[in-house]
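# Chain and residue survey
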Amino acid sequence: MKITEALINKLIALRDGESVAASSLKYDWVDELISEHVIISSSRGSKRLLSVLDKDAFLVSLAQLHEGLDDLDRMLSFCQGEALRAEQAAQTGNSKLRTNRSFPGFLVNCYEPIECNINDSVTILSPVEGSGIFVFDWKKFSIPEDVVVVGIENPENFRFIRSQRYLFEANIPNKRFLFVSRYPQSKDLRDWLVGIPNHYVHFGDFDLAGIRIFLTEFNQHIPDRSSLLIPSDIEDRLSRLGSSERFTDQYNNFKNLHSDIHEIEELISLIMKYHRCYDQEGYIGN
C-alpha cells in the first residue's frame, strides 16, 4: 500500500470528525482498527461509513502503523509536491505498512512501590511523580497476585494518578494498585492480562463507547477477573455536569448496548435516562 494524497485526505477527514465511505478504505489495517474500536463502522441506508470517536487514539494508532502517518498535514504537503523530492522519498519510501511495531508493550505507574519480576529479575516499581515506566518485555513481566491492575483509559488520568488516589481507595479499599495505560493502543496489554491471575479494574469515560470498550476488549476475555470502576456519585455528575453533545454523537452507534452485569446495565440506564456522558478527567484532583 502506497501513501497517496487520496489516502491522506481520507485520514484527515476521519481525524476532523467526518465520515468516510468504507468502500474507499479497504485495507487490513483498517479492519484491525475497527476490531479495536479505534474506527467505528456504521450503516446509513445501503452505505457503510467509517468514523472516529476518539481522535487521540486514532492518531496514536496511525503513528504506530507507519512513521509517515505521525503528522497527516505534513504528509499531505509531501504528497501535493510542496516538499523536495528527496524529502518525499524519505517520507514515503516504505510502500507497505510495517508489520513489526517499534514499541511493543505498555506504560505502567503506581504511587506505592510494587515488587515485580521482569526477565527473571526482581525489581521495585516506584516511578517518581510526573513519570511512568514502559514495559517492553511484557511476556516476561509479572506482579504479586494481590495487586489490582487498574486500566486507565485517558492519558491525563494516567499521568495524575496521585490526584485520584481518593477515588481508587474509596471504591477498591485495602488494595495495592498497578496502573496501566491503554495507549499506545495494541493487544499487548490485553494479552498480558489474560496470562496473569490478577483482578483487572477498568477506569474510563462514563459513556456508551467507554462501556463498550470495557465489555469487548477486556471483560469478554477475562470475565471472572474484570470489573468497571463506577463511582458512587456518578448519577449526580451525569445529571448536573454530563455532556449531552457526547451522548448525541454516540447514540446511533451504541443505542442497543446492554450488559448482563447488573452494575453496568444500571450505568447504561443512567446514561440513557439523562442523555448525558461524563469524562473521567472530572475525577482528577477532586
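Overview of the structure. Note that residues are indexed from 1 along each chain, following the sequence as it is written. Owing to the predicted nature of the model, reporting of local features is limited to residues with pLDDT of at least 70; listing and counting of side-chain atom pairs is limited to 80 or more, with chain, interface and lining totals taken over all residues. Hydrogens and water are ignored here; the side-chain numbers use all heavy atoms of the structure.

Once that is clear, we can look at the sheet that holds strand S4 (residues 106–109). Two strands make a pair as long as DSSP finds a minimum of two bridges between them. Helix and strand assignments follow DSSP, with helices taken as H or I runs no shorter than four residues and strands as E runs no shorter than two, numbered in order from the N terminus. The strand order S7-S4-S10-S9-S11-S12 describes an open sheet built from six strands, whose pairing is mixed. Two strands in the sheet have a free side with no partner beyond their single neighbour: strand S7 (133–135) and strand S12 (226–228). The average angle at which neighbouring strand axes cross in this sheet is 30°, direction not considered. In the sheet, strand S9 (residues 147–152) pairs with strand S10 (residues 176–181) via six bridges, with the strands oriented parallel. If you follow Val147 over to S10, its bridge partner there is Arg176. Sheet contacts for helix H9 (residues 208–219): strand S11 (200–203) and S12; angle to S12, the most-contacted strand, approximately 180°. Note on method: axes are straight lines fitted to C-alpha atoms, helices fitted across the in-contact stretch only, with angles between N-to-C directions ranging 0 to 180 degrees. Contacts: residue pairs with any heavy atoms within 4.5 Å of one another.

Further remarks concern the side chain of Ser226. Within the secondary structure layout, Ser226 lies in strand S12. By relative accessible area, which is 8% here, Ser226 ends up buried. Think of a polar contact as two N or O atoms within 3.5 Å of one another; within protein, one of them needs to be a possible hydrogen donor and the other a possible acceptor, and neighboring residues in sequence only count if both atoms come from side chains. Among the polar contacts listed, one links the side chain of Ser226 to the side chain of Asn219, at a separation of 3.0 Å. Engagement of the side chain of Ser226 in a polar contact is seen with the backbone oxygen of Ile222, the distance being 2.8 Å. Excluding anything up to four places from it in sequence, Ser226 contacts His199, Tyr200, Phe214, Phe218 and Asn219. Buried, partly exposed and exposed residues are distinguished by accessible area as a fraction of the type maximum, computed with a 1.4 Å probe on protein chains only: under 20%, between the cut-offs, and over 50%, respectively.

Within helix H2 (residues 28–35), burial applies to Trp29, Val30 and Leu33. For H2, the angular spread of buried residues about the axis comes to 105°, placing them on one side. On its buried side, H2 packs onto helix H1 (5–15), strand S3 (47–51) and helix H3 (55–65). Looking one or two places after H2, you find His37, whose phi comes out positive at around 65°. Think of it as the arc spanned by the lines of direction from the helix axis to the C-beta atoms.

Both strand S2 (residues 40–44) and S3 contribute to a ladder of five bridges, which runs antiparallel. Opposite Ser41, over in S3, you have Leu50 as the bridge partner. Counting the residues between successive antiparallel strands, the hairpin from S2 to S3 contains two residues, one of them, Gly45, with a positive phi of roughly 70°.

Note on aromatic pairs: the rings of Phe, Tyr and Trp (six-membered ring only in Trp) are paired at centre separations within 6.5 Å, and the planes decide the class, stacked below 30 degrees, edge-to-face beyond 60, tilted for the rest. The tally for this structure, following the rule as stated, stands at 15 aromatic pairs. Here Phe206 and Tyr283 contribute two aromatic rings whose centre-to-centre distance is 6.0 Å and whose plane-to-plane angle is 65°, an arrangement assigned as edge-to-face. Taken together, the positions of Phe206 in the loop between S11 and H9 and Tyr283 in the segment after helix H12 (262–274) put the pair 77 residues apart, joining distant regions of the chain. For Phe206, a relative accessible area of 1% translates into the label buried. For Tyr283, a relative accessible area of 1% puts it in the buried group. Pairwise contacts between aromatic rings join Tyr111, Phe168, Phe177, Phe179, Phe203, Phe206, Tyr278 and Tyr283 into one cluster. Charges are assigned to positions over rings by a cutoff of 6 Å between ring centre and Lys NZ or Arg CZ, combined with an angular limit of 35 degrees from the ring normal. The side chain of Arg237 reaches across the aromatic face of Tyr283, ending 3.8 Å from its centre.

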